[in-house]
Amino acid sequence: MDHARTPTTRDGIRLHAPGDFDGMRRAGEAAARILDDIGEHVFPGQSTATIDRIITDMVNHRGLTSATIGYRGYRHASCISVNHVVCHGIPGDKSLRDGDILNIDVTVILDGWFGDTSRMYVAGNLSRKAERLIAVTHESLMRGIEAARPGNTFGDIGHAIQSFVEGQRMSVVRDFCGHGLGRTFHAPPNVLHYGRSGTGPVLEEGMFFTIEPMVNLGRPETKVLADDWTAVTRDKSLSAQYEHSIGITADGCEIFTPSPAGRFYTF
């Protein structure tokens, strides 16, 4: 990348230098390792509060900082969203039941860089409909990532996700989106998981952002509960989510948060 270029686009999206990729790579790996290691603690009878306490211990013992503890008053090192919870589920004392599906979302800070990723887990036995939802959600993320290359637009990413999901007779949540990140938790752009090809800002080398589609078995509408965090499907249908942090390269993109143990998608 030409270092003489302006550090942001006209849409306020930061263009990072080549050396910044290493910082994001290390932060992303740290977050992904936590999600690798937490899987053995997901089982029927386990509480999400206990899972979060284990994640907090992992963050502390590895010399990391949780990006979510203290963020807008949030008190946990993870968001854990069970069944019809779309995102931002607050860990609690209720025990997981056999067949529950859950998204665990972790963001850590390492040397000032933010690593943000989430993936799906199951407590016990996985139902056929939940398995299909999880598979479609993961595939939609990977199709969005495939569209993330210089010269394409953010609308191309959204269209790739939406067209695939709706072709499977499921729906994409509109109320939440991906986001820019780097040395900040949230920054431009908003990364929509739906849209029209060829619309929105053009992707350029050095952009860092998350892609994190939320997919519902039913309708796309959500509502936020009285705790001002937990978002659920209005029709109480199952919801799933996968998230990677990526950086746009000269000829495509780099995923910063792949599973070191190959456990990102294991269903």
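Since we're looking at a predicted model, the values are computed, not measured.

Draft legend 1. Fine view of the environment of Ala77. Relative to the elements of secondary structure, Ala77 occurs in the loop between β1 (65-66) and β2 (79-82). When its relative accessible area of 0% is taken as the criterion, Ala77 is described as buried. Through-space distance from the C-alpha of Ala77 to that of Ser66 is 5.7 Å; in sequence the pair is 11 residues apart. When sequence neighbours within four positions are dropped, the list of residues in contact with Ala77 reads Asp52, Ile55, Thr56, Ser66, Thr68, Ile69, Asp105 and Val106.

Draft legend 2. Layout of the layout of surface pockets. Taken as a whole, the largest pocket spans an internal volume of roughly 530 Å³. Lining the largest pocket are 25 residues, and of these Tyr71, His88, His179, His186 and Trp229 lie nearest its centre. Contributing elements (two or more residues each) for the lining of the largest pocket: β4 (101-110), β7 (178-180) and β8 (187-191). The class makeup of the residues in the lining of the largest pocket is 11 nonpolar, 8 polar and 6 charged. In this structure, the second largest pocket occupies an estimated 310 Å³ of space. For the second largest pocket, the lining is made up of 17 residues, of which Thr48, Val82, Val85, Lys94 and Leu96 are closest to its centre. The biggest single contributor to the lining of the second largest pocket is β2, with 3 residues. Partitioning the lining of the second largest pocket into residue classes produces 5 nonpolar, 8 polar and 4 charged.

Draft legend 3. The side chain of Ser66, seen in detail. Locating Ser66 in the fold gives a position in strand β1. A relative accessible area of 13% means that Ser66 is categorised as buried. A polar side-chain atom of Ser66 sits 3.1 Å from a polar atom in the side chain of Thr68. Each residue touching Ser66, except ones within four places of it in the same chain, is listed here: Val59, His76, Ala77 and Thr107.

Draft legend 4. Highlighting the state of the cysteines. According to the stated counting rule, one finds 0 disulfides in the structure shown. Free cysteine Cys79: the closest other cysteine sulfur is in Cys87, separated by 7.9 Å. Given a relative accessible area of 9%, Cys79 falls into the buried group. Just so you know, Cys253 is unpaired, no disulfide at all, and the nearest cysteine sulfur is the one on Cys177, 18 Å from it.

Draft legend 5. Structural context of the sheet that holds strand β11 (residues 222-224). Judged by pairing direction, the sheet is antiparallel, and its 3 strands sit side by side in the order β3-β12-β11 without closing on themselves. Only two strands of the sheet have a single partner each, and these edge strands are β3 (85-87) and β11. Pairwise comparison of adjacent strand axes, ignoring direction, gives a mean angle of 40 degrees for this sheet. Two strands pair when backbone bridges link them, and β3 and strand β12 (residues 231-233) are joined in this way by 2 bridges, in the antiparallel orientation.

Criteria and thresholds
Throughout, residues of each chain are indexed from 1 in the direction in which the sequence is written. This being a predicted model, a pLDDT of at least 70 is required before a residue's local features are given, and a value of 80 or more before pairs of side-chain atoms are given or counted; all residues contribute to the totals for chains, interfaces and linings. Values reported for side chains reflect all heavy atoms of the structure, with hydrogen atoms and water molecules removed beforehand. Note on conventions: DSSP H or I runs of at least 4 residues are helices, E runs of at least 2 residues are strands, and numbering of each starts at the N terminus. Residue burial is assigned from relative accessible area. The probe radius is 1.4 Å, only protein chains are included, and a residue is buried under 20% of its type maximum, exposed over 50%, and partly exposed in between. We call two residues in contact whenever any of their non-hydrogen atoms come within 4.5 Å of each other. The method works on a 1 Å grid over the protein atoms by themselves. A cavity is a set of points holding a 1.4 Å probe that cannot get out, a pocket is an open set with protein on both sides within 12 Å along at least five of seven lines, and residues with an atom within 4 Å of a point line them. Grid points are joined across faces, edges and corners, and a volume is the space filled by probe spheres set on the points. Polar here means any residue other than Ala, Val, Leu, Ile, Met, Phe, Trp, Tyr, Cys and Pro, which are nonpolar, and Asp, Glu, Lys and Arg, which are charged; Gly is therefore polar. The term polar contact refers here to a pair of N or O atoms within 3.5 Å; inside protein, the definition further demands a hydrogen-donor-capable atom paired with an acceptor-capable atom, and it admits residues adjacent in sequence only when both atoms are side-chain atoms. Two cysteine sulfur atoms make up a disulfide if the distance between them is within 2.5 Å. Here, any two strands with at least 2 DSSP bridges between them count as paired. Geometry is summarised by axes, namely lines fitted to C-alpha atoms with helices restricted to the contacting stretch, and by angles between N-to-C directions that run from 0 to 180 degrees.

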